Amino acid sequence: MMRPTRIGLVAFGAMLLAGCAATATQAPVAQPVSPTSPAEPPKGMQWLYGSGEAAATSIQGYRAFRDHVLTAIKARPRDSVVLAEGATLAAPRWVPCGNRPFAVVLDVDETVLQNLGYEYDEAITGRSFDSPRWQRWERTGAGQVAPIPGAVTALRALRQAGVTVIYNTNRESVHAAQTADALNRNGLGPVKHRETMWLAGDVGTGSAKDARRAVISERYCVVAMAGDQLGDFSDLFNAKALKVRERREAAGRGDYAAMWGAGWFMFANPVYGPSIRGGFDDVFPADKQWRDPGE
């Protein structure tokens, strides 16, 4: 590198002073900051949205769902799979079917539709869930979803057998048209708001789904339900006083344990929801905690 001459230094100083004078009379321009994107999606998203194992699991689940329903409608069950008013976790009661026509009730998000666009935005930005962003997604994201593997084929077979397919989702009623569009364009329709598609705000308040299930049960004998959260089967599992271990035990004992795969069908979702919580002592029972003695 050449050493600067005295004349060069003087010229450089003049240029520097001129530049300082110019910037003193101009408002500073903020430079955009590029957020650092993670190297890869969270592990739960890798599994649910990217793995062959997840595809196999959901196809397996929907095949079992279809087969159970086709068998159940031949037998004309006495009771539906919807809990009746007054049921508790300790004492379940079921809505009687009578002679009502058959139906199945399914959640939407991560049960029949995968929210690939929304979860991509969350993964790439590192942001967590917030309601305004989800509302924007409901309004604009119908083209960035995909059907859960196995769902389209199974639900088509049930419709052909005369079973009504009904969706019960916590997407907002004000976005009914957009949600219907997402379902219909992915082969999961046809749907009609407040007949075969029930949304938050249609009946009752908030995210509780039991009120909507009750209305559906007045019209249909529900022979199977599917979801990715326990609340897709009963609001009883979402009681705030229910601790992580208690909730797990309630789902896995007695009459409730007997429902899984026999009227209630759970689809895996390791990405979000009330299942993603709990400290070490909640997740690992004290008598099962092992530490490597080699350390």
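This text follows the structure it describes.
Caption draft 1: Structural detail: the pairing of strand S1 (residues 79-83). Buried residues dominate S1, accounting for four of its five residues. Relative to strand S2 (residues 94-96), S1 is paired through two bridges, and the arrangement is antiparallel. When the sheet's bridge partners are listed, aspartate 79 is paired in S2 with proline 96.

Caption draft 2: Focus on the sheet that holds strand S9 (residues 264-266). Ordered by their spatial adjacency, five strands build an open sheet running S7-S6-S3-S8-S9, and the pairing between neighbours is parallel. Unpaired on one side and paired on the other, strand S7 (197-200) and S9 mark the two borders of the sheet. This sheet shows a mean twist of 20 degrees between the axes of neighbouring strands, independent of strand direction.

Caption draft 3: Structural view of helix H8 (residues 210-219). For H8, the full list of buried residues reads Arg212, Arg213, Val215, Ile216 and Ser217. If you follow the buried residues of H8, they end up packed against S1, S2, strand S3 (102-106), strand S6 (164-172), S7 and strand S8 (221-227).

Caption draft 4: Up close: a nonpolar patch on the surface. A surface patch of nonpolar side chains, amounting to about 340 Å² of accessible area, comprises Phe280, Val283 and Phe284. Topologically, valine 283 is positioned in helix H11 (residues 280-283).

Caption draft 5: Representation of the state of the cysteines. Tallied over the entire structure, the rule returns one disulfide. The disulfide partner of cysteine 97 is cysteine 221, and the S-S distance across this bridge is 2.0 Å. When the S-S torsion is 60 degrees, as for the bridge of cysteine 97 with cysteine 221, the disulfide is right-handed. Of this pair, cysteine 97 sits in the loop between S2 and S3 while cysteine 221 sits in strand S8, and the two are 124 residues apart along the sequence. Of the two residues examined, cysteine 97 and cysteine 221, each falls in the buried class.

About the criteria used
Residues numbered from 1 in each chain as written. Predicted model: local features only at pLDDT ≥ 70, side-chain atom pairs only at ≥ 80, totals over all residues. Heavy atoms only, no water. Buried < 20%, exposed > 50% of the residue type's maximum accessible area, 1.4 Å probe, protein only. Helix = DSSP H or I, 4+ residues; strand = E, 2+ residues; numbered from the N terminus. Pairing = 2+ DSSP bridges. Axes fitted to C-alpha atoms, helices over the stretch in contact; angles between N-to-C directions. Contact = heavy atoms within 4.5 Å. Patch = residues over 30% accessible without salt bridge, like charges linked within 9 Å, V, L, I, M, F, W, Y side chains within 5 Å. Areas by Shrake-Rupley, 256 points an atom, 1.4 Å probe, with all protein chains shown as cover. Salt bridge = Lys/Arg side-chain N within 4 Å of Asp/Glu carboxyl O. Disulfide = S-S within 2.5 Å.

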